[in-house]
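Observations on the model geometry
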Amino acid sequence: MIHTKSALIPSQSPAANPAANPLFSCKANHTGRSPVLLFSRMHQSSLLAKLDYSVLQQCMHCGMCLPSCPTYDETKRERNSPRGRISLMRAVADGDLTASRAFAEEMYYCLGCLACETACPAGVDYGSLFETARAEVERTGAAATPQRTFWRWLTLRHLFLKPRLLRALGTALRIYQKSGLQFVVRKSGLLRFLPLSLRALEPQTPTIAPRFSHELIAEVERGFAIRPSASAEPPPSQNKEPGETNSLPPQTPAHRRVALLTGCVQDLTFPHINRDTADVLLANGCEVFTPPVQPCCGSLHAHNGDLESARTLARRQLDLFPVGELHAIITNAGGCGSHLKKYGHLLADDPAYAARAHDWDAKVKDIHEYLVENGCRPPGAGCGETSVTYHESCHLCHGQKITAQPRQLLKLIPGLTLTELPESSWCCGSAGIYNITQPEQSAKLLARKLTNLATTQAPVVATSNPGCHLQLQNGLTAHPGHPCQTVTQPVTLLARAYRAEMAAAEARLDR
Ligand code: SF4
Ligand code: SF4
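I will try to describe carefully the structure that is included in this document.

**Points about the overall build of the protein chain**
If you tally the helices and strands in the protein chain, you get 27 helices and nine strands. Of all 511 residues assigned to the protein chain, the portion counted as buried reaches 47%. Intrachain contacts of the protein chain at a sequence separation of at least 6 include 80% that bridge at least 24 residues.

**Structural notes on the sheet that holds strand β9 (residues 486-488)**
The parallel open sheet is built from four strands, whose spatial order is β7-β6-β8-β9. The outermost strands of the open sheet, each flanked by one partner alone, are β7 (417-419) and β9. Adjacent strand axes in the sheet meet at a mean angle of 35°, parallel and antiparallel pairs treated alike. Alignment of strand β6 (residues 387-390) against strand β8 (residues 460-462), held across two bridges, turns out to be parallel. Among the inter-strand pairings, Thr389 is bridged to a residue of β8, identified as Val461. Against the sheet, helix α23 (residues 404-412) touches β6, β7 and β8, its axis set at about 175° to β6.

**A few points about the site of ligand 1**
Around ligand 1, the structure places 14 residues, and the nearest of them are Cys69, Pro82, Cys110, Cys113 and Cys116. Listed by contribution, the elements that provide at least two residues to the shell around ligand 1 are α4 (70-75), α5 (82-94) and α7 (115-119). Taken together, the residues of the shell around ligand 1 break down into 10 nonpolar, three polar and one charged.

**Overview of unusual backbone geometry**
At Lys76, a residue that is not glycine, the phi angle is positive and equals roughly 60°. Note on placement: Lys76 falls in the loop between α4 and α5.

**A look at the pairing of strand β3 (residues 286-289)**
Here is the key point about a regular strand: its side chains alternate between the two faces of the sheet. Here β3 shows no split at all, with Cys286 and Val288 on one side and Glu287 and Phe289 on the other all buried. Bridge analysis of strand β1 (residues 220-221) against β3 gives two bridges, and the strand direction is antiparallel. What sits directly across from Val220, in β3, is Phe289.

**Focus on the sheet that holds β3**
Two modes of strand pairing occur in sheets, parallel and antiparallel, and in both the strands are linked by backbone hydrogen bonds. Strand order in the open sheet made by the five strands is β1-β3-β2-β4-β5, with mixed pairing throughout. Taken across any chain shown, the strands that pair with only one partner, and hence form the sheet edges, are β1 and β5 (364-366). Here four bridges tie strand β2 (residues 256-260) to β3, and the two strands are oriented parallel to one another. Bridge pairing links Val258 to Val288 in β3. The strands that helix α15 (residues 271-283) touches are β1, β2, β3 and β4 (328-331); relative to β3, the one it contacts most, it runs at about 150°. Strands β4 and β5 of the sheet are contacted by helix α21 (residues 367-374), whose axis makes an angle of about 95° with β5.

How each quantity is defined
Residues numbered from 1 in each chain as written. Chains lettered and ligands numbered in written order. Predicted model: local features only at pLDDT ≥ 70, side-chain atom pairs only at ≥ 80, totals over all residues. Helix = DSSP H or I, 4+ residues; strand = E, 2+ residues; numbered from the N terminus. Buried ≥ 20, exposed ≤ 12 C-beta atoms within 10 Å, placed from the backbone. Contact = placed C-beta atoms within 7 Å. Pairing = 2+ DSSP bridges. Axes fitted to C-alpha atoms, helices over the stretch in contact; angles between N-to-C directions. Near = placed C-beta within 6 Å. Nonpolar A, V, L, I, M, F, W, Y, C, P; charged D, E, K, R; others polar.

Treat this as a map of the structure, not an account of what it does.
Take a look at the structure:
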């Protein structure tokens, strides 16, 4: 491994010499030990220093990525650009800079949208750099405050690590929302006793669905039958612990057997999209295996600097699914899919899981990708909508390079016109939990998206990620006069079309 000093970014930039910038100065040494010795020890354990140095060297500072970066577009400051951030990361890797609080703030100001990867002619793996840089921030505690540490412990180490606990919280939230208690709390003014940050977030709390995915989808489903709607009677649930299911009954020869990932946020807020995904797969001749209790994929953890928990969750997924028996493992969430396809990289140093993770990566398919690759049967009826536009999830288009397939599927639906959305691949500001951690910048991006949506005059916008779905839904709810008032997903429109086709066939039989 060649380890050279970091190249400097252009001298007119504020980030040209990060070490000389007071914002990026090393943290004060209160221990009384030699600062040189202390720094050298800290540097040796730096995660960025341990990263394959060729990844850091890939950037040739051409600046081609700058126009596509939403944070650079906002500030026009080099340090807020992909090139500037990579220089900072390289300075940390080289030991020229410690992961200070300012470094941490810069890494968390980045959306992680990966638009820079799409624009980069050198093929810079910004996603790996970004995840490692955030992990370094967490390792050093550069951004730590008691409040932040508590919320990270509660969410990353408990709620999103334990699917049953997350569902229990979802059930409690559902009762709070449906019992009228939420209405009373909002009207009574009790919310003013919350800290300002939580008060601002309260209206964005997603509505919890009346039933979760395992109450809508049986563990194994076969045949071409389409359920009339997600409100149909639930199948018998066979709750097993993660890890219990590792083999399946004999495969029906006529069917391609696929597994369906139900996600965590998707499971609580949009389980009907999981039902729709299963229905579309069934309508295309698949046998669908959906374990009733599934762990989070770990993308939330990886994107927020908790790579250890991300590895734990990846191992649980590998224990749960019989990868060798499956034609594909289907995801319908862009953010999850981008992470799920990198388990091989995540577990490369784990001898017990590395080979399985490699096989897993090859089997994970986004639903649109899978349908287009294997041939999607055009539905014989419309979906009830006539005009739609399409917003691209960053991690579907930039992370997975899946751009044409969702559009191709929408165009298969009879009577539906797709109007292109200007800047369709520009981030909507959701970006994982960016709307919570950076509400101001997130709101600016959402406003830009709503302006673009208005130009299409489409009443419906389709997208393929629960985070984007919620962000757009919150934005449109706050603007009741906006021409677009419905957020949906391509797979939902496709499932509706298949259901309409089946209803028409049944009506003909009844005549
Ligand atoms: S991930 Fe997005 S916000 Fe971050 S540097 Fe790349 S383009 Fe800019
Ligand atoms: S486009 Fe790629 S190589 Fe050029 S500055 Fe941006 S990250 Fe570096």
